[in-house]
Amino acid sequence: MEIPYNSTQRPDTGLYNAKVGIWLFLASEVMLFGALFSAYVLLRVGASPGTWSMGLMNIPVGTFNTVILILSSVTVVMAWASLKLGDFKAYKKYQIATILCAAAFVLVKWSYEWPAKFTHYDVTFKDATAAKDYFVAAYGDNHSKQVTKIAKDRYNDPELQITQVPLSGHIVGYKVKGDTHVHDVGKVMNIWNGAWFWRINWQDTNMVALNCPKDITAVILHADGADDDHAKPQHAKTASLSTDAHSGAGSKHHGVEIPVSRIKRLSSLEPAHSPFFAIYFTLTGLHALHVLGGIVVLSYNLLPIGTRLWLKDPDRFANRIETTGLFWHFVDLVWIFLFPILYLL
Amino acid sequence: MQTATHTEVHHDDHSHAEQSFWTKYIFSTDHKVIGIQYGVTALVFLLFGFGLMMAMRWQIAKPDQPIPVIGALLESVLGNVAKDGIISAQLYNVFGAMHGTIMVFMAIVPLGFAAFGNYIVPLQIGAPDMCFPRVNMASFWAFFLGCVTMTVSFFIPGGAAQAGWTSYSPLATSLPTDGQTYWLVAMVLLITSSLLGAVNFIATIIQLRAPGMTWGRLPFFVWAQFVTAFLLLLAFPPLEAAGVMQLMDKVAGTSFFLPTGLFISGQPATISGGGSPLLWQHLFWFLGHPEVYVLILPAIGIVTEVIANSTRRPVWGYRLMVGAVLVLGFLSFIVWAHHMYLTGMGNKVATFFQTTTMIISIPSVILLTCLFMSLWKGAIRFTTASMFAFSFLPMFGIGGLTGLPLGFNFTDIHLHDSYYVIAHFHYVVAPGTIFGLFAGVYYWYPKMTGRKMSEYWGKVHFWCSLIFMNLIFLPMFKQGFDGMSRRMSDGGATYASGEGVLGLAAESIMTNTIISHAAWGLAIAQVPFIVNFFWSIRNGEKVTSDNPWNSTTLEWQTPTPPPHGNFITQPVVYRDAYEYSKPGASKDYLPQNEKV
Amino acid sequence: MSDHHASPEYYHGLIKKFKAVGYTLIIATLVTVGIDYFVEKYEVSFPKALAFAMLVAVIKASCVIAVFMHLWWDIKWKTISITMACTFFFFAAMMYLTITSVNDVPGLDNSYRKLPGQAEHSALADK
């Protein structure tokens, strides 16, 4: 039994089966990502001041990813055109280039962009005094400029007060109860190997420790772009890590020592950090899954099974590459919208 | 042409390949086997979902009394939630949520859309199989995995999902048990299955129609399946997105659907807040409303086939019906928020959704009217299948008309979330859709097995089901008017002693007992069906021809049961789908592929 | 694409188009990023920046759909055009109606949203 119109076009619809199938699938994908885009807009429109925490995105890296995804779109369509010209070697070359671009895209996400978020911490303080103390400790006389910069760059709202913006940076050490010296957390703390982090509701006055040693009394935070050698303010101490047994490379770090009692909320830029990071990780995660799926299909077509089909039924093989390409262009298309809404606006 | 020669070459090495038991019956790519796999799985879950409901009805009729026999079983399997054989409020919630989920996503949709659609659609359009047979198999196994996940969730600590089949956040997210997580994972699998199925159906109907099978000659059942597939294709993905987001809320601690300032059990929740509970409701009902038509359209399709066949005359207003079903499908995407009038929606939006809701009743009425008109002057054959199909009309009529007061936002304020709603949508789905599906089982059984089901026991099944269905759901309208709310684990006993507006009328609570007895009666009424179904596989009356009902459509022009590849020779279609009693013809039906 | 047995010249012509679209896309990306820089430097208002970014994104998307996905040639086939038209209509309806309904609430009081970081007040205590 052979299904009709597998490799030829049905005269009245003008299409072969797989092309109908892939366009229908893409229609459902439009609705899937469309729902997530709707969620993005709705959450953003409804966000109260100081909670839409974008602006920490790495734009050069995002641009790089956009460009390689566009390149992969060009190569995948060139692969199809090569097949139509009967040039199987060129097809292989272009398809390998596509897979390499796709792999580079995922690799950048997996090894750099996402981990960078998980190792980056935001601290908000219980009251204005504490906030001022530690912003001064981190940025010295520049602190009010820094507050405005964070308010503008990250929250797009220059009106925000000092209690509404977080002190943001890497955690380099911590102190535990009954022990005065600073523990180094290794290179940088992250929730994969450090395995401890805090999260807290905006309203709660007591910090809830999730998945971390309960007796931590203070954290050492190296704030973004802070100089290490500014004058030390009265209220807050800056700590430099002691060069004892387990410090190692971390001893070069300097940071502000913040007692847990003065922190209102401490969270890495994980999905639970805020609605923005929630939708950021969901959208980019789902998109990355599509890229991975694309890599699997593209690689499958490069296997000997693909070559055999090419020798047996070149039209059908070219159709297969065309439908794969249609999916791949859709993945590119989604990224074309994701890039501005997650990185730029 | 180069490709044409290829086609012929392949033809041989496929059709002669010997198939092992596994590839023939388990991992089959044959649409008929997959249809039967879907059908059997769905019927099992239909019974299971019905069982959950019967346990709930016991708790409603006799609050906090142990269930005889079953109670001990429940306690031994589920433990403390069914202590002493009494259904606790928690278990009631589990059963309620899972009854809805199982019936909608694991019983009716797979039975109406996937089972009948898979088996019948390729046959009716004259295709050798579905467009993508392997995708078809993947669709079934994704569905099966989803069903397994959903079933397993009963046995995890804390039990299955408890927040209703609608799973509104924040309730669904903040329940401390893992049931909701399992529910979401299972739903993602079920949705994936539906998407694969929908793509396959649409592609098959567009691409694989036999020569001469123009759009105007398609049997109405195929049209209904076509529109249903589009609804699944475009309405399900938003729920998948919402499911992924709720899953993130559950496992990654995000706040997509959790508002700022949320307190759980008196404690501030350890979340960032900033989410929107309304977002879940919008995305859920964006699926939820088209889903209603996914439930009903395949049944209308089956009923149309059976009515045309058993009245021996063409369907009245075939083109009108096709137009109506297309309009219905289109409009069903923009009515969803009539489920949400009580969320504090403003006048502008409420008016919009109220208007579209009223407009969408027009195509539904057109469909029903056409089917009623088809009965006029028919030479009616009263078979079991046709009786189920005829009774579908008034039952669906009641369900549809009682929906109008729910579609107006001012009347909905009183009726929302009451037993009136339960009665309304069960009239659409239970005596409506399920009767349609029963009609389909009795009608197509001879094609699938080569034997007929017993007509006598079929009629017993029909009359008992009809009576008990109405005894169950008619009194619920009254209960709803009286103000009895849904989802009360004691059937409102708590409010029995209340005064004035707060109290429930005593007869409303007494009615609970009547309804429960009717429900158990309905269960007994299904015994003839189940026995008949299995007994007839081997012992039913053998059909003497491939076309025992003298039908016009193509599925009866194949061998019985159809072999892999369906048709011996490629059928060519010469006429419309329902040419019964054509003046001047030698017999009272003209098959679509018969050249005059 | 419609014609399966077109001449090699036809596909060579296509390849030129593919390359041209590739360059356009990369340039458009750089333009968007450049504009983002301007937005920060000259404090362009958010609605203007949004409109521009979306305009560029839509242009890029149209290029991909029309040329890479061959829709320019395939749109004459009703299967594709009707399906995609319906899809975009439903997507637009979903987004527009959802967002409208959230904002169309009688007596909506947005002030409660002001609380994060507003010192020690809790959401409920504010009221």
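Parameters and conventions
- Residues numbered from 1 in each chain as written.
- Chains lettered and ligands numbered in written order.
- Predicted model: local features only at pLDDT ≥ 70, side-chain atom pairs only at ≥ 80, totals over all residues.
- Heavy atoms only, no water.
- Contact = heavy atoms within 4.5 Å.
- Salt bridge = Lys/Arg side-chain N within 4 Å of Asp/Glu carboxyl O.
- Polar contact = N/O pair within 3.5 Å; in protein donor to acceptor, adjacent residues only side chain to side chain.
- Helix = DSSP H or I, 4+ residues; strand = E, 2+ residues; numbered from the N terminus.
- Nonpolar A, V, L, I, M, F, W, Y, C, P; charged D, E, K, R; others polar.
- pLDDT = per-residue confidence, 0-100.
- Buried area = accessible area lost by both parts, 1.4 Å probe.
- Buried < 20%, exposed > 50% of the residue type's maximum accessible area, 1.4 Å probe, protein only.
- Axes fitted to C-alpha atoms, helices over the stretch in contact; angles between N-to-C directions.
- Parallel < 35°, antiparallel > 145°, perpendicular 65-115°, else oblique.
- Left-handed = near helix turned anticlockwise from the far one by under 90°.
- Core = buried A, V, L, I, M, F, W, Y, C linked by side-chain atoms within 4.5 Å.
- Patch = residues over 30% accessible without salt bridge, like charges linked within 9 Å, V, L, I, M, F, W, Y side chains within 5 Å.
- Areas by Shrake-Rupley, 256 points an atom, 1.4 Å probe, with all protein chains shown as cover.

### Examining the interface of chain A and chain C
Moving on, step 1. Contacts between the two partners involve 66 residues from chain A and, on the opposite side, 61 residues from chain C.
Moving on, step 2. On inspection of chain A and its partner chain C, the count reaches one salt bridge.
Moving on, step 3. Where chain A meets chain C, there are two residue pairs in polar contact (both at pLDDT 80 or more).
Moving on, step 4. For the side of chain A that touches chain C, the secondary structure elements donating two or more residues are α1 (17-46), α2 (59-84) and α8 (314-344) of chain A.
Moving on, step 5. In terms of residues, the side of chain A that touches chain C owes the most to one element, α1(A), which gives 17 residues.
Moving on, step 6. Looking at side-chain class alone, the side of chain A that touches chain C contains 37 nonpolar, 18 polar and eleven charged residues.

### Quick notes on the confidence of the model for chain A
Moving on, step 1. Averaged over all residues, the pLDDT of chain A is 82; the fraction at 70 or higher stands at 83%.
Moving on, step 2. Here residues 187-211 of chain A is a poorly scored stretch, pLDDT under 50, and it has 81 contacts once near neighbours within four places are set aside; other chains count.

### Examining the interface of chain B and chain C
Moving on, step 1. With 23 residues of chain B at the contact, the number on the chain C side is 19 residues.
Moving on, step 2. Around 1,800 Å² of area is buried between chain B and chain C when both sides are counted, 82% of it from carbon and sulfur atoms.
Moving on, step 3. It is B:L234, B:F330 and B:V349 in chain B that bury the most area against chain C; as a group they hold 22% of the surface buried on that side.
Moving on, step 4. Here chain B and chain C share zero salt bridges between them.
Moving on, step 5. Residues of the side of chain B that touches chain C, tallied by class, amount to 16 nonpolar, six polar and one charged.

### Thoughts on the environment of B:V244
Residues and elements named next belong to chain B.
Moving on, step 1. Mapped onto the elements of the fold, V244 is located in helix α9 (residues 220-251).
Moving on, step 2. The class for V244 is partly exposed, based on a relative accessible area of 21%.
Moving on, step 3. For V244 and V185, which are 59 residues apart along the polypeptide, the C-alpha to C-alpha distance reads 8.6 Å.

### Quick look at the pattern of salt bridges
Moving on, step 1. The tally for this structure, following the rule as stated, stands at 17 salt bridges over all chains.
Moving on, step 2. Between B:E455 and B:K459 there is a salt bridge, and its shortest N-O distance comes to 3.9 Å. Placement of both B:E455 and B:K459 in helix α17 (residues 455-481) is noted, with a separation of four residues, approximately one turn of the helix.
Moving on, step 3. We classify B:E455 as partly exposed; its relative accessible area is 28%.
Moving on, step 4. B:K459 gets classed as partly exposed once you look at its relative accessible area, which sits at 28%.
Moving on, step 5. One salt bridge connects B:K587 with B:E594, and the closest N-O pair in it is separated by 3.0 Å.
Moving on, step 6. Judged by relative accessible area, B:E594 falls into the partly exposed class, the value being 28%.
Moving on, step 7. Put simply, A:R10, A:D12 and B:R209 are held in one network by salt bridges that share partners.

### Remarks on the packing of α1(A) against helix α8 (residues 179-207) of chain B
Moving on, step 1. Orientation of α1(A) relative to α8(B), taken along the N-to-C sense of each, is 140°, at an axis distance of 9 Å. Classified by the angle their axes make, α1(A) and α8(B) are oblique. Considering how the two elements wind past one another, α1(A) and α8(B) form a crossing that is right-handed. In this structure, α1(A) uses A:N17, A:V20, A:G21, A:L24, A:F25 and A:S28 to contact α8(B), whose residues at the interface are B:L195, B:V199, B:I202, B:A203, B:I206 and B:Q207.
Moving on, step 2. For the contact of α1(A) with α8(B), the residue count by class is eight nonpolar, four polar and no charged.

### A short note on the side chain of A:K19
Moving on, step 1. Residue position: A:K19 is located in helix α1.
Moving on, step 2. A polar atom in the side chain of A:K19 sits 2.6 Å from the side chain of C:D74.

### Looking at the nonpolar core
All names here are of chain B.
Moving on, step 1. Judged by nonpolar contacts, the single largest core of 295 residues is most densely connected at F95, F220 and L297.
Moving on, step 2. At 23 residues, the largest contribution of residues to this core is made by helix α5 (residues 89-125).
Moving on, step 3. Discounting chain neighbours no more than four positions away, the residues touching F220 are I300, G301, T304, E305, Y318, M321, V322, V325, L367 and Y578.

### Some words on a nonpolar patch on the surface
Residue and element names in this part refer to chain C.
Moving on, step 1. Side chains of Y23, I27, V31, F52, L55 and I59 sit close together on the surface and give an oily, nonpolar patch of about 580 Å² of accessible area.
Moving on, step 2. With respect to the secondary-structure elements, I59 resides in helix α2 (residues 46-68).
Moving on, step 3. For I59, a relative accessible area of 46% corresponds to the partly exposed category.

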